[in-house]
Amino acid sequence: MPNQPRCWLESANDPATDFPLQSLPLCAFQVAHHGHSHGHLGMAIGDQVIDLSALNEAGMFEGDDSGVVNVLRYPFWDAAAQTPGLIDTLRAKVREFMTADGGGQRARRLRDKALRPISDTEFLPPTRVLNYTDFYASVHHARTVGSMFRPDNPLLPNYKHVPIGYHGRASSVVISGTEIRRPSGQQSPPDDDPKAGPSFGPCKLLDYELEVGFVVGKGNELGIPVKLGEAEDHILGICLVNDWSARDIQKWEYQPLGPFLAKNFATTISPFVVPLSALEAYRCPAYPRPDGDPKPLPYLWDERNQARGGLDLTLEVRLQSEQMRSRGMSPVLLSKSNSFKEMYWTMAQMLAHHTSNGCNLQTGDLLASGTVSGPGPGERGCLLELTWQGTGPDGKPLPRKPVDLPTGEKRTFLADGDEVILKGYCEKAGSVRVGLGECRGRVVGG
Ligand code: CA
């Protein structure tokens, strides 16, 4: 790459790294100290985390009047996110520290304190997630799922006018690596015996949903909507989200009020919030709506959003069963897509819509895109879609087609011991690759 400064940490210069010097995504992690554990703030770089709380304690920011010294005393990024520009100022300082070639005792002392391997780090949620909202912005996902229920009319009439969403549950948002206990719940009578009553037991149709999260930086006052043109100023950055879903519980409970216990038992986030400013090279036009689609209402439409509201991001889902793990087999790729740029609504539109009635977003809130799927069969972001084969000539659903695992096992939905691994990254010729890291979760018996 031309004119890229070199980092003294070699892994940050690797063209394949998710975390180059340009990115410096935000994270929080656990540190043991005299028998107690504390939350520290850091940034990912190469295969390491730079411990900013430790550097702050060691005096690296002494004499700085930007406010950095104070915000780094908190175990969450919320305080820093409330001051516009502060995080970018801090990222610039860290970039300078990571490229400085000067020696001296003080520099060596700080370098010794600074780094710890990502692989040995126990991460914490990077912000206090007080609220979680989940959207439904992938038109490919909405169309495939809609066709399961309404083959002739998959999209409901509001879809092309309103960014559809619902309020999720923030208390069960967990960090990557947290075990996911299979939920139990009430399930509908069997289709072939509608006279039987509902039952209660462990979910049999457990699924993942591949989503992109965007974290709120600066909030808005109750009653004061955020304009579309200012919406991105309220986004701290993005992460990966697995919105675990219990399809059998969902099927029985969702009408008429929508998602509840099928969704609120767990949502996994990746540990790193990648600032939008690190993704500039990968911004792209919003999804070009097909001819004949309605133009959004004025509060959801502006030229800049059309020109730059999208993000060229590749997303992957992998699965590793218990048996694969015990036999040393790598996780198998279930889907890969570049369709986040084809979301029917951009992040800015979702955020502006969320506040259009005066609803107040708070720093650290998690907004998620909804399942990201592409139009092709290998691009579907959940098993509900991936194993769906459509309906037969009689209008009834064809049997689901299970996914084959390299052990000979088959999956229509998730089994106990299955680990789901989401990845996301931006890459193209002439630009530094920027990744989102991984979002992992393993299912354990309920
Ligand atoms: Ca979802």
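Everything below is about the structure printed above this text.
Calculation rules
Residues numbered from 1 in each chain as written. Predicted model: local features only at pLDDT ≥ 70, side-chain atom pairs only at ≥ 80, totals over all residues. Heavy atoms only, no water. Helix = DSSP H or I, 4+ residues; strand = E, 2+ residues; numbered from the N terminus. Buried < 20%, exposed > 50% of the residue type's maximum accessible area, 1.4 Å probe, protein only. Salt bridge = Lys/Arg side-chain N within 4 Å of Asp/Glu carboxyl O. Donors = N, O, S within 2.8 Å, 3.2 Å for Na, K, Ca; no water. Contact = heavy atoms within 4.5 Å. Pairing = 2+ DSSP bridges. Phe/Tyr/Trp six-rings, centres within 6.5 Å; stacked < 30°, edge-to-face > 60°. Lys NZ or Arg CZ within 6 Å of the ring centre and 35° of its normal.

### Re unusual backbone geometry
Link 1 in the chain: Here Gln255 and Pro256 are connected by a cis peptide whose omega angle stands at 5°.
Link 2 in the chain: Tracing the backbone through its elements, the reader meets Pro256 in the loop between α7 (247-253) and β16 (267-269).
Link 3 in the chain: Of note, the phi angle at Leu24 is positive, near 50°, even though the residue is not glycine.
Link 4 in the chain: Of note, Leu24 is situated in the segment before β1 (26-33).
Link 5 in the chain: Take Leu24: its relative accessible area is 0%, and that puts it in the buried class.

### Some points on the pattern of salt bridges
Link 1 in the chain: Taken as a whole and judged by the stated rule, the model has 24 salt bridges.
Link 2 in the chain: Ionic pairing is found between Arg6 and Glu10, a salt bridge with its closest N-O pair at 3.0 Å.
Link 3 in the chain: For Arg6, a relative accessible area of 53% gives the class exposed.
Link 4 in the chain: The salt bridge involving Asp293 is made with Lys160; its shortest N-O contact spans 2.9 Å. Taken together, the residues span a long stretch of sequence, with Asp293 in the loop between β17 (283-284) and α8 (303-308) and Lys160 in the loop between α6 (139-149) and β7 (165-167) at a distance of 133 residues.
Link 5 in the chain: Taken together, the shared-partner salt bridges in this structure form one network comprising Asp207, Glu209, Asp243, Arg247 and Lys263.

### A short note on the coordination of the calcium ion
Link 1 in the chain: Listed as protein donors to the calcium ion are Asp134 (OD), Glu209 (OE), Glu211 (OE) and Asp243 (OD); their distances from the metal cover 2.2 to 2.3 Å.
Link 2 in the chain: The sequence pattern describing where the donors of the calcium ion fall on their chain is D-x74-E-x1-E-x31-D. On the criterion of sequence distance, the pair formed by Asp134 in strand β6 (residues 132-135) and Glu211 in strand β13 (residues 210-216) is long-range, its members being 77 residues apart. The same class applies to Asp134 and to Glu211, which are both buried.

### Details of the environment of Leu21
Link 1 in the chain: Checked against the element boundaries, Leu21 lands in the segment before β1.
Link 2 in the chain: Each C-alpha atom, one on Leu21 and one on Arg116, is 16 Å from the other, the two residues being 95 residues apart in sequence.
Link 3 in the chain: Each residue touching Leu21, except ones within four places of it in the same chain, is listed here: Pro5, Cys7, Ala12, Ile45, Arg95, Met98 and Thr99.

### Structural notes on the pairing of β13
Link 1 in the chain: When you tally the buried positions in β13, you get seven out of seven residues, the bulk of the element.
Link 2 in the chain: Along β13, one buried face is formed by Leu210, Val212, Phe214 and Val216 and the opposite face, lined by Glu211, Gly213 and Val215, is buried too.
Link 3 in the chain: Pairing of β13 with strand β14 (residues 235-242), which is carried by seven bridges, proceeds in the antiparallel orientation. Bridge assignment links Phe214 to a residue of β14, and that residue is Ile238.
Link 4 in the chain: Sheet topology note: the β13/strand β21 (residues 366-368) ladder contains three bridges and is antiparallel. In the sheet register, Gly213 faces β21, and the bridge partner there is Ala368.

### Observations regarding the packing of aromatic side chains
Link 1 in the chain: What the rule picks out here adds up to eight aromatic pairs.
Link 2 in the chain: Ring geometry for Phe123 against Phe272: centres 5.1 Å apart, planes inclined by 75°, an arrangement best described as edge-to-face. One end of the pair, Phe123, is in strand β5 (residues 123-124); the other, Phe272, is in the loop between β16 and β17, with 149 residues separating them in the sequence. As far as burial versus exposure is concerned, Phe123 and Phe272 are alike and both buried.
Link 3 in the chain: With 5.7 Å between their ring centres and 50° between their planes, Tyr159 and Tyr344 make a pair best called tilted. On the criterion of sequence distance, the pair formed by Tyr159 in the loop between α6 and β7 and Tyr344 in the loop between β20 (332-337) and α10 (347-355) is long-range, its members being 185 residues apart.
Link 4 in the chain: Here Tyr344 falls in the buried class, since its relative accessible area comes to 3%.
Link 5 in the chain: Of the aromatic side chains, those joined through ring pairs into one cluster are Tyr136, Tyr159, Tyr287, Tyr344 and Trp345.
Link 6 in the chain: Directly above the ring of Trp345 sits Arg289, whose terminal nitrogen or CZ lies 4.4 Å from the centroid.
Link 7 in the chain: In this structure, Lys428 is placed above the aromatic ring of Tyr282, and the distance from its NZ or CZ to the ring centre is 5.4 Å.

### Regarding the sheet that holds strand β19 (residues 314-320)
Link 1 in the chain: Taken together, five strands build an open sheet; the order of strands is β9-β25-β24-β19-β20 and the sheet is mixed. Only two strands of the sheet have a single neighbouring strand rather than two, namely β9 (180-181) and β20.
Link 2 in the chain: Here seven bridges tie β19 to strand β24 (residues 419-426), and the two strands are oriented antiparallel to one another. Bridge pairing in β24 links Arg318 to Ile421.

### Looking at α6
For an α-helix, 3.6 residues make a turn, and residues three or four places apart therefore share a direction.
Link 1 in the chain: Judged by how many residues are buried, α6 sits mostly within the fold: eight of 11 residues are covered.
Link 2 in the chain: Here α6 has its buried residues at Val139, His140, His141, Ala142, Thr144, Val145, Gly146 and Met148.
Link 3 in the chain: Tucked into the core, α6 has its buried residues touching α11 (383-386).

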